[in-house]
Amino acid sequence: MKRQTQAIHTAFARRDAYDAISMPVYHSVAYEFDDAATMADAFTNRIDAPDYSRVENPTVTHLEQKVKALTQATAVTAFNNGMAAISATLITLAEAGQTIVTSRHLFGNTFSLIVSTLARLGIRHRLVDMTNAEEVEAAMDESVCAIFLEVLTNPQLEVADLKALSAVAHKWNVPLVADSTAIPFTEHHLHDLGVDIEVVSSTKYISGGATSLGGLVIDYGTRTGFNERLKLEVLFNLGGYMTPHAAYMQTIGLETLHARYGVQSANAKALATRLKAVCSGSDAPSDCPLRAVNYVGLADNPYHALAATQFGPTAGAMLTIDLASEEACFDFLNKLKLIRRATNLFDNRTLAIHPASTIFGLFTPEELQAMDVHDTTIRLSIGLEDADDLFEDICQALGLSQLDK
Ligand SMILES: *Cc1c(COP(=O)(O)O)cnc(C)c1O
């Protein structure tokens with residue numbers, strides 16, 4: 001089966017009592033057993049049967065099975081949100097005194113998790129340039145327990161060579177852990193590039209129009225004991241399992257992901273191409289505030305070829321534009337009529353945000369500088385609207401309504 005078919009037709013673990021064709025929402029905390037021996041088997045994992053919904057639920061299991069089939073992973077665990085999936089993964093891998101090699105180009109809370117929360121528990125980190133495999137290699141030693149990166153960083157839109165990094169990780173016998181939120185796993189096979197564990201904020205592409213929060217840990221089974229510790233120790237003890245209602249919505253979202261991703265990526269590419277032409281043309285108005293357009297799907301982007309090799313021909317729905325100043329960014333946001341001023345990525349509607357003052361608003365100017373988060377950058381998450389309507393809104397907000405479109 002091709003993946004789009006697989007996304008829709010994943011068999012239930014058990015036949016539904018009413019033969020429902022869409023996995024019902026099992027809003028039950030507990031499950032009854034025929035006899036005491038079966039109950040003991042379920043609780044001690046000798047048989048696979050749900051006993052308590054903090055750690056297993058039929059609706060959540062169905063989503064996990066769908067993701068497992070699509071990724072060919074050996075195990076998938078669904079969490080309440082992306083941060084729960086990421087923190088559970090890192091706590092499973094790291095012990096006090098060990099080191100996580102990662103980058104400054106990380107989702108804000110992931111960065112803060114590593115440099116503040118995990119640091120407080122004695123887990124160290126080294127921050128490197130993931131696009132420079134030699135620098136990553138130089139950061140390795142016996143204390144390192146994992147290399148962690150994002151496959152397409154936000155908002156820098158940087159892409160690292162996963163094969164090169166996995167060679168470094170595997171030489172030191174540690175896993176390469178990749179956050180693939182920005183390019184969904186239906187589009188690529190990161191395990192073929194050497195990724196051992198994939199983490200995803202399924203709040204974004206998977207949820208199907210920002211319906212619910214979710215996180216996924218996709219384990220390719222290359223690390224002995226990882227899945228057992230993740231499930232039986234970290235998930236059991238810390239909690240954070242996905243709720244059945246969220247799993248229901250995310251299952252429906254996963255079924256339409258391929259179609260949505262295609263349209264959103266095509267819209268993003270069309271907009272990036274047209275915006276790039278706007279202010280580079282000789283007839284560009286002298287007061288045009290647009291300075292740069294950053295989208296990995298543009299042929300002249302420095303990461304274009306690598307991204308195409310790793311993730312396929314489309315580059316997703318996230319792009320950034322740089323304007324003349326922070327003031328110009330605020331002015332642009334205030335003038336938007338159709339595009340929403342909101343955080344989040346890969347909603348059905350197009351969203352715009354000024355990352356430096358919002359998502360990264362609590363970092364100091366020096367920290368922002370080190371992270372390459374600039375106060376002149378606007379991040380756009382392109383939705384399912386008609387691209388002409390989006391282009392028109394962006395142009396009018398840039399003060400270019402007189403432009404010949
Ligand atoms: C949103 C996001 C997260 C966090 O996910 P939540 O579901 O909001 O907890 C982690 N990593 C990346 C790359 C994200 O975009």
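So, here's what we can say about the structure. A quick note: this is a predicted structure, and the numbers were derived from the prediction, not measured.

This brings us to the sheet that holds strand 8 (residues 290-294). As summarised here, the arrangement of the 5 strands in space is 8-9-12-11-10, forming an open sheet in which the pairing is mixed. Both edges of this open sheet fall to strand 8 and strand 10 (340-341), since each of them pairs with a single strand only. Of the strand pairs in this sheet, strand 10 and strand 11 (residues 351-353) are connected by 2 bridges, and their pairing is parallel. The partner of Arg340 across the bridge, within strand 11, is Leu351.

Moving on to the site of the ligand. Taken together, 13 residues are adjacent to the ligand, and Gly82, Asp179, Ser201, Thr203 and Lys204 come closest. The separation between an oxygen atom of the ligand and a polar side-chain atom of Ser201 is 2.8 Å. Here the ligand has 380 Å² of accessible area as a free molecule, and 90% of this is covered by the chains. Considering every element that reaches the shell around the ligand, the biggest residue donor is helix 4 (residues 82-93), with 3 residues. Each residue belonging to the shell around the ligand can be placed in one class, and the counts come to 4 nonpolar, 6 polar and 3 charged.

As a further point, take the environment of Leu235. Looking at the secondary structure, you find Leu235 in helix 8 (residues 226-238). Residue class for Leu235 comes out buried when judged on its relative accessible area of 0%. Considering only alpha carbons, one finds Leu235 and Ala84, 151 residues apart in sequence, at a separation of 9.5 Å.

As a further point, take the nonpolar core. Within the largest apolar cluster, 119 residues are counted, with the highest numbers of intra-cluster contacts made by Ile321 and Phe332. In terms of residue count, the dominant contributor to this core is helix 9 (residues 244-280) (10 residues). Mapping this core onto the domain boundaries places at least three of its residues in each of domain 1 (3-251) and domain 2 (260-397). In contact with Phe332, not counting residues within four places along its chain, are Ile321, Leu323, Ile378, Ile394, Ala397 and Leu398.

Where burial is concerned, the two faces of strand 5 (residues 176-179) agree: the one with Leu176 and Ala178 and the one with Val177 and Asp179 are both buried. Where the polypeptide runs from strand 4 (residues 144-150) across helix 7 (residues 162-171) and back to strand 5, its parallel neighbour, the crossover connection is right-handed. The pairing of strand 5 with strand 6 (residues 197-201) spans 3 bridges and is classified as parallel. Residue Asp179 lies in a different strand from strand 6, and its bridge partner there is Val199.

Spatially, 1-7-6-5-4-2-3 is the arrangement adopted by the 7 strands of the open sheet, whose pairing is mixed. Each edge of the open sheet carries a strand with a single partner, namely strand 1 (75-79) and strand 3 (124-127). Geometrically, the sheet is characterised by an average inter-axis angle of 20° between neighbouring strands, direction not taken into account. Strand contacts of helix 4: strand 1, strand 2 (99-102), strand 4, strand 5, strand 6 and strand 7 (215-219), with the helix running at about 155° to strand 6, the strand carrying the most contacts. Together, strand 2, strand 3 and strand 4 form the strand contacts of helix 5 (residues 108-120), whose direction differs from that of strand 3 by roughly 140°.

Parameters and conventions
Residues numbered from 1 in each chain as written. Predicted model: local features only at pLDDT ≥ 70, side-chain atom pairs only at ≥ 80, totals over all residues. Heavy atoms only, no water. Pairing = 2+ DSSP bridges. Helix = DSSP H or I, 4+ residues; strand = E, 2+ residues; numbered from the N terminus. Near = heavy atom within 4 Å. Polar contact = N/O pair within 3.5 Å; in protein donor to acceptor, adjacent residues only side chain to side chain. Areas by Shrake-Rupley, 256 points an atom, 1.4 Å probe, with all protein chains shown as cover. Nonpolar A, V, L, I, M, F, W, Y, C, P; charged D, E, K, R; others polar. Buried < 20%, exposed > 50% of the residue type's maximum accessible area, 1.4 Å probe, protein only. Core = buried A, V, L, I, M, F, W, Y, C linked by side-chain atoms within 4.5 Å. Domains from an automatic or database assignment. Contact = heavy atoms within 4.5 Å. Right-handed = clockwise from strand over helix to strand, strands pointing away. Axes fitted to C-alpha atoms, helices over the stretch in contact; angles between N-to-C directions.

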